[in-house]
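Listed below are the residues making up each chain.
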Amino acid sequence: MSQEIKKTDKTIMVFSGSLDHAMAAFNIAVGAASMGFKVHMFFTFWGINILKKETLSIKNKDFMGKMFTLMMANGPTRLNLSKMNMGGLGTWMMKKRMESKNISLLPELIKMAQSMDINMMACDMTKEVMGIEDDDLIDGLDVQGVAGFMDVSNQSDTTLFI
Amino acid sequence: MSQEIKKTDKTIMVFSGSLDHAMAAFNIAVGAASMGFKVHMFFTFWGINILKKETLSIKNKDFMGKMFTLMMANGPTRLNLSKMNMGGLGTWMMKKRMESKNISLLPELIKMAQSMDINMMACDMTKEVMGIEDDDLIDGLDVQGVAGFMDVSNQSDTTLFI
Amino acid sequence: MSQEIKKTDKTIMVFSGSLDHAMAAFNIAVGAASMGFKVHMFFTFWGINILKKETLSIKNKDFMGKMFTLMMANGPTRLNLSKMNMGGLGTWMMKKRMESKNISLLPELIKMAQSMDINMMACDMTKEVMGIEDDDLIDGLDVQGVAGFMDVSNQSDTTLFI
């Protein structure tokens, strides 16, 4: 007797590395997880910057790795809005506003995602191109390629590209 | 006897507030609705600007609310292209071109969506952060949070993030 | 006896025309196809620039068609990154880095997609608005509207908007 596996997982490919996109991705992920769904997040391209430690060092990187590290925002507190950043003013205003409304900011959302056992994957090709070591990223990530992404997407009834 | 509910709805999370993204979202939504599918649109972050009335007042808003209102495009006729805006020239050219080809512009697409009973939802968190009142938005919207989005997404076989 | 058709195709709507978005779309598409899935790509708005021939002529175009052709990047080797382009330097660095890591660049990914029989569709409305002729685009494309997109999306368990 064959039995069909019901797909109910949710997968999010996080491609963008701006604060607004990151907050949207984590709000959806945490929301879905709190409703009981298994959630997978695959961080690729600019999205991997969201997972960088803020104490990132460039010491042991090659030239290109140093360049990519210095030119990109590192970690959740340093991301900028994709619009209305206005040299940081718009981003600062948005964060202030969220705090005053008791809305969880990005660092807190990431901690919630970790405590809810959301499956967070870092793209292997992105790590290689940008010269990012495991040590540069927060703990508990699974390093995967596009096949790893397809595997979780195939278990999901929704896959978002953010 | 158990019966599985066939998921055939379509859900679109409209996150971007640029003219090109808005037109893509509404073209897909109206296209799907005209083929007989139930369509849900959830407007969040910059996407909520698409639904603003053009006569928006800042009178009763607090400081932050006034700032967000003044700094963002209000309503479908004032949105800009995400690329090639060129101080408004590119956006103007694109609209002229569409008109000359008898392609529906955004205000018309929104009216079509409303007349086709497309379920349009405004994100409660976005409204709060940006200081947007119900009165600032077009009529007939349902105000919902991420749980409301997940509910319609769970009834859908496709969920797009635009 | 009724039989339910299992949906396993993958559909990608390619809306963005930047190098990073194009590479993400084709990496997912080629990855999914190599795992045995049928993949559909629908190129609309800026995404259609990815499919332009690099020898594009403006000779027989009207004024608007000439303008759109001259102002937009034509073909896979001329696309820029959406972030960190830095007047072309960032894009050049990224390509160099990928080459040195033996990662397939965009022109190669497109050839792989063609050889894997990935269904590539060009949006009819975009062609009309931007004044693009069949001859301006690479061979083997199917010209479709939103109904064509919905048809393949309805056969798919995943539809991404990139």
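Values in this document were obtained by computation on a predicted structure and should not be read as measured data.

Rules behind the numbers
Residues numbered from 1 in each chain as written. Chains lettered and ligands numbered in written order. Predicted model: local features only at pLDDT ≥ 70, side-chain atom pairs only at ≥ 80, totals over all residues. Heavy atoms only, no water. Phe/Tyr/Trp six-rings, centres within 6.5 Å; stacked < 30°, edge-to-face > 60°. Helix = DSSP H or I, 4+ residues; strand = E, 2+ residues; numbered from the N terminus. Buried < 20%, exposed > 50% of the residue type's maximum accessible area, 1.4 Å probe, protein only. Contact = heavy atoms within 4.5 Å. Buried area = accessible area lost by both parts, 1.4 Å probe. Salt bridge = Lys/Arg side-chain N within 4 Å of Asp/Glu carboxyl O. Polar contact = N/O pair within 3.5 Å; in protein donor to acceptor, adjacent residues only side chain to side chain. Least-squares fit on C-alpha atoms with pLDDT ≥ 70 in both. 1 Å grid on protein atoms, 1.4 Å probe; cavity = no way out; pocket = protein on both sides within 12 Å on 5 of 7 lines; lining within 4 Å. Points joined across faces, edges and corners; volume = space filled by probe spheres on them. Pairing = 2+ DSSP bridges. Axes fitted to C-alpha atoms, helices over the stretch in contact; angles between N-to-C directions.

Draft legend 1. How the structure looks around the packing of aromatic side chains. Residue and element names in this part refer to chain B. Counting across every chain of the model gives 15 aromatic pairs over all chains. Ring geometry for Phe-15 against Phe-45: centres 5.4 Å apart, planes inclined by 35°, an arrangement best described as tilted. One end of the pair, Phe-15, is in the loop between β1 (9-14) and α1 (19-34); the other, Phe-45, is in the loop between β2 (39-43) and α2 (63-71), and 30 residues separate them in sequence. For Phe-45, a relative accessible area of 10% corresponds to the buried category.

Draft legend 2. Examining the interface of chain C and chain B more closely. Facing the 29 residues of chain C at the interface are 29 residues of chain B. Here chain C meets chain B over a buried area of about 2600 Å², counting both sides, of which 74% is carbon and sulfur. Summed over the shared surface of chain C and chain B, the result is 2 salt bridges. Of the charged contacts in the structure, one is a salt bridge between Lys7(C) and Asp157(B), with a shortest N-O distance of 2.7 Å. Summed over the shared surface of chain C and chain B, the result is 5 residue pairs in polar contact (both at pLDDT 80 or more). Listing elements by their share of the side of chain C that touches chain B, those giving two or more residues are α2 (63-71), α5 (124-130), α6 (146-154) and β5 (156-161) of chain C.

Draft legend 3. Structural view of the interface of chain A and chain C. Taken together, the contacts link 29 residues of chain A with 29 residues of chain C. Contact between chain A and chain C buries roughly 2600 Å² in total, counting both sides, with carbon and sulfur atoms accounting for 74%. On the chain A side of the contact with chain C, Trp46(A), Val129(A) and Phe161(A) bury the most area, a combined 22% of that side's loss. Joining chain A to chain C, the criterion identifies 2 salt bridges. Scanning the region where chain A abuts chain C turns up 5 residue pairs in polar contact (both at pLDDT 80 or more). Counting residues per element, the ones that place at least two in the side of chain A that touches chain C are α2 (63-71), α5 (124-130), α6 (146-154) and β5 (156-161) of chain A. The greatest single-element share of the side of chain A that touches chain C, amounting to 7 residues, is contributed by α6(A).

Draft legend 4. Main features of the relation of the copies chain C and chain B. After a rotation of 120° and a shift along the axis of 0.0 Å, chain C superposes on chain B with an RMSD of 0.0 Å. Such a turn and shift between the copies fits a three-fold axis. The share of interface residues of chain C whose copies in chain B are also at the interface is only 14%, consistent with the copies meeting through different surfaces.

Draft legend 5. Looking closely at the layout of surface pockets. For the second largest pocket, the calculated volume is near 560 Å³. Considering the residues around the second largest pocket, the lining is formed by 31 residues, among which Ser16(A), His21(A), His21(B), Ser16(C) and His21(C) are closest to the centre.

Draft legend 6. Representation of the environment of Asn80(A) in the model. Residue and element names in this part refer to chain A. Counting through the fold element by element, Asn-80 comes out in the loop between α2 and α3 (89-100). C-alpha separation for the pair Asn-80 and Leu-19, spaced 61 residues apart in sequence, amounts to 5.2 Å. When sequence neighbours within four positions are dropped, the list of residues in contact with Asn-80 reads Ser-18, Leu-19, Asp-20, Asn-85 and Thr-91.

Draft legend 7. Just the pattern of salt bridges, in detail. Overall, the coordinates contain 18 salt bridges over all chains when judged by the stated rule. Note that Asp157(B) and Lys10(B) form a salt bridge whose closest N and O atoms lie 2.8 Å from each other. Highlighted residues: Asp157(B) in strand β5 (residues 156-161) and Lys10(B) in strand β1, separated in sequence by 147 residues. What makes Asp157(B) buried here is its relative accessible area of 11%. Between Lys61(B) and Asp136(B) there is a salt bridge, with its nearest N and O atoms 2.4 Å apart. Taken as a pair, Lys61(B) in the loop between β2 and α2 and Asp136(B) in the loop between α5 (124-129) and β4 (142-144) lie far apart in primary sequence, 75 residues in all. You can call Asp136(B) buried: its relative accessible area is 8%. Each of Lys7(A), Lys10(C) and Asp157(C) takes part in one network of salt bridges that share partners.

Draft legend 8. Structural context of the sheet that holds strand β3 (residues 119-123) of chain B. All names here are of chain B. Read across the sheet, 5 strands follow the order β4-β3-β2-β1-β5 without closing on themselves; strand pairing throughout is parallel. In this open sheet, the two edge strands, each paired with only one partner strand, are β4 and β5. Sheet twist, expressed as the average angle between the axes of neighbouring strands with direction ignored, equals 25°. One ladder, built from 5 bridges, connects β1 with β2; its direction is parallel. Note on β2: the bridge partner recorded for Lys-10 is Val-39.

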